[in-house]
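Commentary on secondary and tertiary structure
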Amino acid sequence: MEKRPYEFELERINALIKERGARRVGLQLPEGLKTVAIEIAAEISTETGVDVILSGSSCYGACDVDEKLARTVDILLHFGHSENTFRKHFLSKERTCAKKEYNSFGNAFLSKKRFVLEENYQEKVVFIELRSTVDIKPVVESAVAELTGDCAGLVATVQHVHALNEAKIVLTRSGKKVIIGKSSNVTYDGQVLGCEFSSALVPCDEILFIGSGSFHPAGLARYTGKRVIAADPFTMQISIFEPETMRKKRYGVIARARDAKSFGIIVGMKSGQFNLSEALALKRKAIAKGLAAHLIAMDEITEASLLGFKVDAFVNTACPRLAEDYVHFNKPVLSVNEFEVVIGERGWEGIWP
Ligand code: SF4
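Residues numbered from 1 in each chain as written. Predicted model: local features only at pLDDT ≥ 70, side-chain atom pairs only at ≥ 80, totals over all residues. Heavy atoms only, no water.

With that settled, the discussion passes to the layout of surface pockets. Within this model, the second largest pocket holds a volume of roughly 390 Å³. The dominant element in the lining of the second largest pocket, judged by the number of residues it contributes, is helix 3 (residues 67–72), at 3 residues. Each residue belonging to the lining of the second largest pocket can be placed in one class, and the counts come to 2 nonpolar, 4 polar and 9 charged. Residue assignment places the lining of the second largest pocket across two domains, with domain 1 (6–130) and domain 3 (251–350) each supplying three or more. (1 Å grid on protein atoms, 1.4 Å probe; cavity = no way out; pocket = protein on both sides within 12 Å on 5 of 7 lines; lining within 4 Å. Points joined across faces, edges and corners; volume = space filled by probe spheres on them. Helix = DSSP H or I, 4+ residues; strand = E, 2+ residues; numbered from the N terminus. Nonpolar A, V, L, I, M, F, W, Y, C, P; charged D, E, K, R; others polar. Domains from an automatic or database assignment.)

If you want it as structure tokens, here you go:
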């Protein structure tokens with residue numbers, strides 16, 4: 001069989017299924033890897049005899065555990081994200097926030113029901129990080145020519161964090177000073193998420209990102225204000241992301257929202273994106289400024305799901321990157337900080353603090 005580019009840890013998975021005596025197993029893969037879902041499900045099923053249920057819902061991050069499927073199966077295998085990140089970055093925030101808000105509605109039944117289910121599903125979810133098996137040295141050697149300064153911050157998605165020290169050796173041999181940033185918000189040194197870039201806040205003007213796609217490097221450039229060189233070890237492609245180019249896209253959206261008189265405040269209902277307290281606070285701020293504001297809860301935030309609501313603009317309290325890079329919306333969809341600029345509570349320079 002052809003070697004897979006990611007380590008699916010099937011031996012560990014099969015051993016775990018047998019050890020726990022599981023009969024029904026759920027599989028949740030990120031969007032880009034759904035093409036191998038059938039193959040992985042067949043291998044697990046053949047080896048262990050379990051019924052496998054594939055999650056057909058979207059999956060963009062550790063924030064996005066398929067909670068409903070977790071209730072239905074004995075084990076939910078969530079691929080592509082790290083467990084500690086889920087617990088540190090999403091779960092604690094959600095639990096604290098959700099508990100406070102549900103209690104503020106005085107709805108004890110809803111609160112109790114949700115948290116009983118949460119406790120159950122937490123034990124069932126097993127995170128498989130999908131470490132890459134590809135050699136990153138060739139693409140790092142190619143990327144050296146694009147680094148204009150003497151110093152570079154080095155970051156990666158969880159799939160490549162184990163290879164960052166190899167990348168550092170290549171860069172150091174080329175005369176570069178390299179810093180792999182540490183952050184208590186993520187599991188590994190140098191790790192970045194689509195909405196968590198603190199390990200890139202190092203004293204260098206440029207960041208070398210190891211990974212695939214434009215989602216992470218575009219966010220890195222926009223949020224850190226640094227020039228980002230993205231090196232994809234699978235395609236050997238090198239791409240450059242300039243911070244001002246990334247930021248300009250948002251300036252136009254903010255400018256369009258300045259005439260809005262009514263706002264829909266979106267509350268994301270995905271388990272790690274729920275932030276009702278922030279949505280309520282924004283609603284109060286809008287009303288204090290003489291604007292109309294309405295809370296709108298939804299799982300998937302798409303142009304079609306926003307279409308029917310008669311407001312001038314939206315504020316998104318769910319995934320902060322959604323409106324920036326995932327989806328094109330006709331009406332302005334602002335982040336929380338962008339909304340605060342629109343209502344005069346934040347300066348433009350404070351959008352990406
Ligand atoms: S960027 Fe969005 S989808 Fe990705 S981890 Fe953060 S909240 Fe989740």
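Counting buried positions over the 10 residues of helix 8 (residues 215–224) gives 9, a clear majority of the element. Of all the positions in helix 8, only Phe215, His216, Pro217, Ala218, Gly219, Leu220, Ala221, Arg222 and Thr224 are classed as buried. Looking one or two residues past helix 8, Gly225 carries a phi angle of roughly 75°, positive in sign. (Buried < 20%, exposed > 50% of the residue type's maximum accessible area, 1.4 Å probe, protein only.)

With 7 of 7 residues buried, strand 12 (residues 262–268) is to be regarded as a mostly interior element. Examined bridge by bridge, strand 12 and strand 13 (residues 292–298) share 7 bridges and lie parallel to one another. Of the residues in strand 13, the one forming a bridge with Ser262 is Ala292. With respect to chirality, the unit in which strand 12 leads through helix 10 (residues 276–288) into the neighbouring parallel strand 13 is right-handed. One ladder, built from 4 bridges, connects strand 12 with strand 14 (residues 313–316); its direction is parallel. Within strand 14, the residue paired with Phe263 across the bridge is Ala313. (Pairing = 2+ DSSP bridges. Right-handed = clockwise from strand over helix to strand, strands pointing away.)

We now examine the nonpolar core. One finds Phe263, Ile265, Leu334 and Phe339 to be the most contacted residues of the largest nonpolar core, which totals 25 residues. Taken together, the elements giving at least two residues each to this core come down to helix 9 (243–257), strand 12, helix 10, strand 14 and helix 13 (336–342). Broken down by element, this core gets its largest block of residues, 5 residues, from helix 10. (Core = buried A, V, L, I, M, F, W, Y, C linked by side-chain atoms within 4.5 Å.)

What follows deals with the sheet that holds strand 8 (residues 177–179). Taking strand neighbours across the sheet as the criterion, the 5 strands line up as 8-7-9-10-11 in an open arrangement whose pairing is mixed. In this open sheet, the two strands that pair with only one neighbour each are strand 8 and strand 11 (238–241). This sheet shows a mean twist of 25° between the axes of neighbouring strands, independent of strand direction. Here helix 7 (residues 164–173) sits on the sheet in contact with strand 7 (151–156), strand 8 and strand 9 (206–210), set at roughly 160° to strand 7. (Axes fitted to C-alpha atoms, helices over the stretch in contact; angles between N-to-C directions. Contact = heavy atoms within 4.5 Å.)

Glancing now at the packing of helix 1 (residues 10–20) against helix 2 (residues 37–48). Relative orientation of the contacting elements helix 1 and helix 2 amounts to 45°, with a least axis distance of 10 Å. Viewed along their axes, helix 1 and helix 2 adopt a mutual orientation that is oblique. In this structure, the crossing between helix 1 and helix 2 has a hand that is right-handed. Each of Leu10, Ile13, Asn14, Ile17 and Lys18 in helix 1 lies in contact with helix 2, whose residues at this interface are Ile40, Glu43, Ile44, Glu47 and Thr48. (Parallel < 35°, antiparallel > 145°, perpendicular 65-115°, else oblique. Left-handed = near helix turned anticlockwise from the far one by under 90°.)

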